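Close look at the chain arrangement
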2 protein chains.
Amino acid sequence: MDGRNLIGFKLSGIAQKIMQSFDAATLEILDGVFHVASEAEIDEAMQKATEAFQTYKNTSGKDKANFLNAIADEILALDNTLIERAMLESGLPEGRIKGERGRTVNQLRLFANVLEEGSWVEAFIDRGDATRTPQPKPDIRKMLMPTGPVVVFTASNFPLAFSTAGGDTAAALAAGNPVVIKAHEAHLGTNTLVALAIQKAAQKTGMPNGVFSSLNGTGPELGQHLAQHPLCKAIAFTGSYRAGKALFDTCAKRAVPIPVFAEMGSINPVVLLKEKLANEATGLAQQIAHSITLGVGQFCTNPGLLIAEQGSELDAFKTALSAAIEQIPPGTMLNAKVCENYKTSRKKTLAIASVQLEAETVHTGETTSGSATVASVTAKNFLANPDLMDEVFGPFSLIVSCENAAEMQSVIEGLEGQLTATIMGTTGELSTQEKLISTLQNKVGRLIFNNVPTGVEVCHAMHHGGPFPATTDSRYTSVGTGAIRRFARPIAFQNWPKELLAPALKDENSLGIWRTIDGELTKA
Amino acid sequence: MDGRNLIGFKLSGIAQKIMQSFDAATLEILDGVFHVASEAEIDEAMQKATEAFQTYKNTSGKDKANFLNAIADEILALDNTLIERAMLESGLPEGRIKGERGRTVNQLRLFANVLEEGSWVEAFIDRGDATRTPQPKPDIRKMLMPTGPVVVFTASNFPLAFSTAGGDTAAALAAGNPVVIKAHEAHLGTNTLVALAIQKAAQKTGMPNGVFSSLNGTGPELGQHLAQHPLCKAIAFTGSYRAGKALFDTCAKRAVPIPVFAEMGSINPVVLLKEKLANEATGLAQQIAHSITLGVGQFCTNPGLLIAEQGSELDAFKTALSAAIEQIPPGTMLNAKVCENYKTSRKKTLAIASVQLEAETVHTGETTSGSATVASVTAKNFLANPDLMDEVFGPFSLIVSCENAAEMQSVIEGLEGQLTATIMGTTGELSTQEKLISTLQNKVGRLIFNNVPTGVEVCHAMHHGGPFPATTDSRYTSVGTGAIRRFARPIAFQNWPKELLAPALKDENSLGIWRTIDGELTKA
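Residues numbered from 1 in each chain as written. Chains lettered and ligands numbered in written order. Predicted model: local features only at pLDDT ≥ 70, side-chain atom pairs only at ≥ 80, totals over all residues.

**Some words on the overall build of chain A**
Scanning chain A for helices and strands turns up 14 helices and 24 strands. At 25 Å, chain A has a C-alpha radius of gyration in line with the 24 Å of a compact globule built from 524 residues. Dimensions of chain A along its principal axes, counting C-alpha atoms only, are 75 × 65 × 40 Å. Within the span of chain A, comprising 524 residues, buried residues form 58% of the whole. Taking the contacts inside chain A whose residues are at least 6 apart along the sequence as the reference set, 76% of them involve residues at least 24 apart. (Helix = DSSP H or I, 4+ residues; strand = E, 2+ residues; numbered from the N terminus. Rg over C-alpha atoms; globule rule 2.2 N^0.38 Å. Buried ≥ 20, exposed ≤ 12 C-beta atoms within 10 Å, placed from the backbone. Contact = placed C-beta atoms within 7 Å.)

**Structural notes on the packing of helix α3 (residues 94-117) of chain A against helix α4 (residues 167-175) of chain A**
Residues and elements named next belong to chain A. Following both chains from N to C, one finds α3 and α4 inclined at 20 degrees, their axes separated by 10 Å at the closest point. The angle between α3 and α4 places the two elements in the roughly parallel class. As for the relative orientation of α3 and α4, their crossing is right-handed in sense. Facing α3, whose interface residues are Q107, L108, F111, V114 and L115, α4 presents G167, A170, A171 and A174. (Axes fitted to C-alpha atoms, helices over the stretch in contact; angles between N-to-C directions. Parallel < 35°, antiparallel > 145°, perpendicular 65-115°, else oblique. Left-handed = near helix turned anticlockwise from the far one by under 90°.)

**Brief notes about the relation of the copies chain A and chain B**
Mapping chain A onto chain B leaves a residual RMSD of 0.0 Å; the transformation is a rotation of 180 degrees accompanied by 0.0 Å of translation along its axis. What the rotation and shift describe, once combined, is the action of a two-fold rotation axis. Minimal C-alpha distance to the rotation axis in chain A is attained by A252 of chain A, lying at 3.3 Å. Mapped onto chain B, 100% of the interface residues of chain A are again interface residues, and the two copies thus contact each other with one and the same surface. (Least-squares fit on C-alpha atoms with pLDDT ≥ 70 in both.)

**A short note on the confidence of the model for chain A**
Predicted confidence across chain A gives a mean pLDDT of 97, with 100% of residues reaching 70 or more. ipTM for the predicted complex: 0.97, alongside a pTM of 0.97. (pLDDT = per-residue confidence, 0-100.)

**Regarding the sheet that holds strand β24 (residues 520-522) of chain B**
The twelve strands are arranged β16(A)-β18(A)-β19(A)-β14(A)-β13(A)-β20(A)-β21(A)-β22(B)-β7(B)-β6(B)-β23(B)-β24(B) in an open sheet whose pairing can be described as mixed. Edge positions in the open sheet fall to β16 (356-360) of chain A together with β24 of chain B, since each of these has one partner strand only. The mean angle between the axes of side-by-side strands here comes to 20 degrees, regardless of whether they run parallel or antiparallel. Bridging between strand β14 (residues 305-309) of chain A and strand β19 (residues 396-402) of chain A involves five bridges; their strand directions are parallel. (Pairing = 2+ DSSP bridges.)

**Brief notes about the interface of chain A and chain B**
Contact residues are listed per partner, giving 51 residues for chain A and 51 residues for chain B. At the level of elements, β6 (123-126), β7 (140-146), α13 (427-430), α14 (434-443), β21 (444-449) and β22 (488-494) of chain A are the ones that each hand at least two residues to the side of chain A that touches chain B. Among the elements that line the side of chain A that touches chain B, the one with the most residues is β22 of chain A, at six residues. By the bridge criterion, three bridges tie β21 of chain A to strand β22 (residues 488-494) of chain B in an arrangement that is parallel. Residue I448 of chain A lies in a different strand from β22 of chain B, and its bridge partner there is Q494 of chain B.

**Regarding the domain arrangement of chain A**
All names here are of chain A. Here the domain parsing of chain A yields domain 1 (2-12 + 33-117 + 139-264 + 475-486) and domain 2 (269-449). A C-alpha centroid distance of 33 Å is found between domain 1 and domain 2. Each partner contributes to the interface: domain 1 provides eight residues, whereas domain 2 provides ten residues. By residue class, the composition of the side of domain 1 that touches domain 2 is two nonpolar, four polar and two charged. (Domains from an automatic or database assignment. Nonpolar A, V, L, I, M, F, W, Y, C, P; charged D, E, K, R; others polar.)

**As for the pairing of strand β20 (residues 418-424) of chain B**
All names here are of chain B. When you tally the buried positions in β20, you get seven out of seven residues, the bulk of the element. Pairing analysis gives three bridges linking strand β13 (residues 269-272) to β20, with the strands arranged parallel. Residue pairing for β20: V271 is matched across the bridge by I423. Pairing geometry for β20 and strand β21 (residues 444-449), over five bridges, is parallel. The residue of β21 that forms the bridge with I423 is F449.

**Quick look at the nonpolar core**
Within the largest apolar cluster, 335 residues are counted, with the highest numbers of intra-cluster contacts made by L68, I71 and I235 of chain A together with L68, I71 and I235 of chain B. Setting aside residues up to four positions removed in sequence, I235 of chain B forms contacts with V151, A227, L247, C251, I258, V260 and F261 of chain B. (Core = buried A, V, L, I, M, F, W, Y, C linked by C-beta atoms within 7 Å.)

**Focus: helix α2 (residues 61-90) of chain A**
Residue and element names in this part refer to chain A. End to end, α2 covers just 34 Å across 30 residues, shorter than the expected 44 Å (1.5 Å per residue, more than 12% under). Where α2 bends most, the angle comes to about 85 degrees, and this point is D79. One or two steps after α2, the chain reaches G91, where phi turns positive at roughly 75 degrees. (Expected span 1.5 Å × (residues − 1). Bend = angle between axes of the 7 residues up to and from the residue.)

**Examining the pairing of strand β6 (residues 123-126) of chain B**
Residue and element names in this part refer to chain B. The alternating pattern of β6 places A123 and I125 and F124 and D126 on opposite faces, both of which are buried. The pairing of β6 with strand β23 (residues 515-517) spans three bridges and is parallel. Along β23, the bridge assignment pairs A123 with R515. Direction of pairing for β6 relative to strand β7 (residues 140-146): antiparallel, over a ladder of three bridges. Residue pairing for β7: F124 is matched across the bridge by K142.

**Examining the sheet that holds β13 of chain B**
Pairing is mixed in the open sheet, where twelve strands are placed in the order β24(A)-β23(A)-β6(A)-β7(A)-β22(A)-β21(B)-β20(B)-β13(B)-β14(B)-β19(B)-β18(B)-β16(B). Two strands in the sheet have a free side with no partner beyond their single neighbour: β24 (520-522) of chain A together with β16 (356-360) of chain B. Taking each pair of neighbouring strands and ignoring which way they run, the sheet shows an average axis angle of 20 degrees. Looking at chain direction, strand β18 (residues 373-378) of chain B and strand β19 (residues 396-402) of chain B are connected through six bridges and run parallel.

**Here's the deal with the environment of E100 of chain B**
Residues and elements named next belong to chain B. With respect to the helices and strands, the residue E100 is situated in helix α3 (residues 94-117). Look at E100 and you get buried, because 22 C-beta atoms sit within 10 Å. Once you skip the residues sitting within four places of it in the chain, E100 turns out to touch F158, L160 and A161.

**Observations regarding helix α5 (residues 188-204) of chain A**
Between its first and last C-alpha, α5 of chain A extends 24 Å over 17 residues, near the 24 Å set by a 1.5 Å rise per residue. Immediately beyond the C-terminal end of α5 of chain A, within one or two residues, lies G206 of chain A, with a positive phi of roughly 70 degrees.

**Regarding the packing of helix α12 (residues 405-413) of chain A against α14 of chain A**
Residue and element names in this part refer to chain A. Running from N to C, α12 and α14 cross one another at 10 degrees; their axes reach a closest spacing of 9 Å. In terms of axis orientation, α12 runs roughly parallel to α14. For the pair formed by α12 and α14, the contact residues are Q409, I412 and E413 on the first element and K435, L436, T439 and L440 on the second. Taken together, the residues of the contact of α12 with α14 sort by class into three nonpolar, two polar and two charged.

**Notes on unusual backbone geometry**
Omega for the bond connecting F468 of chain A with P469 of chain A falls within 30 degrees of zero, at 5 degrees, which places this linkage in the cis form. Looking at the secondary structure, you find P469 of chain A in the loop between β21 and β22. Unlike most non-glycine residues, N268 of chain B shows phi in positive territory, near 45 degrees. Within the secondary structure, N268 of chain B is located in the loop between β12 (260-263) and β13.

**Focus on the environment of A123 of chain A**
Residues and elements named next belong to chain A. Structurally, A123 can be placed in strand β6. Take A123: there are 25 C-beta atoms within 10 Å of it, and that puts it in the buried class. Along the primary structure A123 and N279 are separated by 156 residues, whereas in three dimensions their C-alpha atoms are 51 Å apart. For A123, the contacting residues outside a window of four places in its chain are M143, A504, L505, I513 and R515.

Take a look at the structure:
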């Protein structure tokens, strides 16, 4: 395991400081000495990315697609070496890590398909008219163009699918931007393996030196350095509110502010309607218990808040949920820090006088494991205690019992921005909840009916991004092909000579893409 | 002239403070006593906007189109009352104000067409598959939805087309958001007339009370209050860097940050290539002199920087440009403050030792007029003096003479973000400027060939928005139908009952719009 930084096509380890990586379950030191990037190395990576941008921004969709597909191939070629290292560093089981590798590879290939098809550039052509009076009408054409080097912060909870070659990297590269990775402290080895795979893919497919770099370091040091670097043009981040907001603040204060796409998690309210509860208490309880504890609850879409009207239906659900939760064994958490944070937040929440523990797993676990927990609180006490709106990152959910529909509405109105909200109800019940749905809609990026929020489908129609504080920019998604658009901006060309226009804007449409010509979508 | 604030469907003037409006040419006080909005009135306008949002967000495209068209009708019905007041308050001549009214009305109707057509909501449908393993594939559908009440700051230099019923208002209303106007101090009467027209249109077309309000006050007080109001969800602004950046900073520091779309002007470099200069020195000089002095130079796309290689071609152009500039009479500037600022910045620039005055109008004007001015500086001195990058808002342009192509490249590399850049050259010359074009492209929102930057076409393909400091968000345009997208965000619906989906997302596509179904654009 060569733990040097990757700067373009070379390996670099000039720093004095080193980092190490740990087995998430046993806390033993794993193979590899990781070199912390020095200021000179950070600057070199950003300079190289900027140079690479000058050619990479004009690379054809087909060539970029080859690059993304080659990354997928190289990741698969790592085979068990990657699977084993990712399992050790994240504590996640083999099935999950293999599934995540599949998601990572499919994501790269899906984005490659979008590039090959080509219409994502949103080409517009408004043809000129020299005879118009009083002024001739100019010929104007615009398309999306990449914005420049993107710094991607890898996520603790997705060592593959939202890390080195994950959704943010795939999106930034697809848009035509070089990427500089800030490796996550908790899976440095996994990062190195994947970074080397990307480097190899870049060389094999003839991409410019500097199109990809990967640096080791801590968030407060390396992360802040990268965010402040004048050549960094955008940030992609998935993680805690505290770290995401710190990046947002740093980037807003730069001499030239840059966009920060920070996905900072959420408590993902689930509204349980009466009739549905009455019909399916046990089935719902099992479905929700599974969602709460999936991946040891370490998903940004984890259902952290269950809202229902009090009564016998809710009581029956609570009993069933408690029974289900008690049967779920504790799981190894992502790393020592995540585990400690979970235990602290869980304890803090349970220490609130008005919060009642409903159920916790009866199994005992290692010190590095998190126990599934469900607690409850009345709507009045929930509304009186804003701390209960904070995410408890891990297998934890809080039931809010409301006296009546009006109180339920107040709870919904009091919520902050969320990635998702779920309604469990019969279709008949849902049709009577116009106001509640309307209120929820203002708060979230995705509304779900009779489905759990975990398991974010990677597809064209996905929107994974809700109002602040769920993310820093609710207009953009970090999952699905829409994610590419974060790293592009339109540029218009007025009366530009046809022969010098990009292929997407030339009259003949040799790419065969969808374009809006004089206001009409066409492939002509 | 009733100078009270408009709060939804009522007039309100509870404040102690008043403002007055002035004839831009004579500085005489004009008819009307304008009530400064109190804190209570600001809050009432925002509350009403938020209430109106609950119904307006679901208003059909057809109904919103009727509203926009009714605004256009009511503006035209004001006839000469509006034209005369706008002329007095802005100092702009009748032809310009009538042209601007035409632009305002056409803009509203163009946006209405987009709403009637309906595809702007970018509907995506990815159909579910219950048989997929290991997990069934959910049905996911997304579309753009409005973000909530928008505060629009009206612009000094477009009393109609970028003010009360201008591009920002039209875009925000089109997306489905209520609008609260911060009236510009310099055209309070024009604002009142147009605001009343919008109020009337809203009532006639059955829009909710609160869909539109208009408040009087100053930028630092009313503007900052509105920007900090928790119910304000986005800001649209056109004006100075100082005011735009202050709004950006305020909104980034809010407990819940909101997007600020500030268009803060630009110096719009024009690169003059040798062969073109040699062929058409006089024609180019006349075209550029006209662009510099159009609207007394008070356009954000005013060509403030002319970059060329030194030599006899440039000398001939300078002579022709000077001759043209000297013939252009001074024009009344927008208001006393703009005029004073112009005179101060002009003087400050001309006081720089390395800057040489090339020409100024030989006519004399009123104290409220601005004189056309062209100055020059060598590239070395330009690069040594960053103050020369600051916009001189008015009929002013600076020629930068470069020793050679390499020095010209350095000047371009040193530029900040710009709304536009123009290249004047022969087609043959342009094809040899790959590096220069590539560098310019990184800096601008619109690249123009052999055309002046002034005169921003309102169309689908327009992009009016460049990298900071030209705007605060280069991914969005403030001119053209793309402007609507600023005030909308996608929301996804997962496994949502078909009968409760918005018409744009229902299977049957009763709106007949373009949608992306399973990755394919279709009207099916």
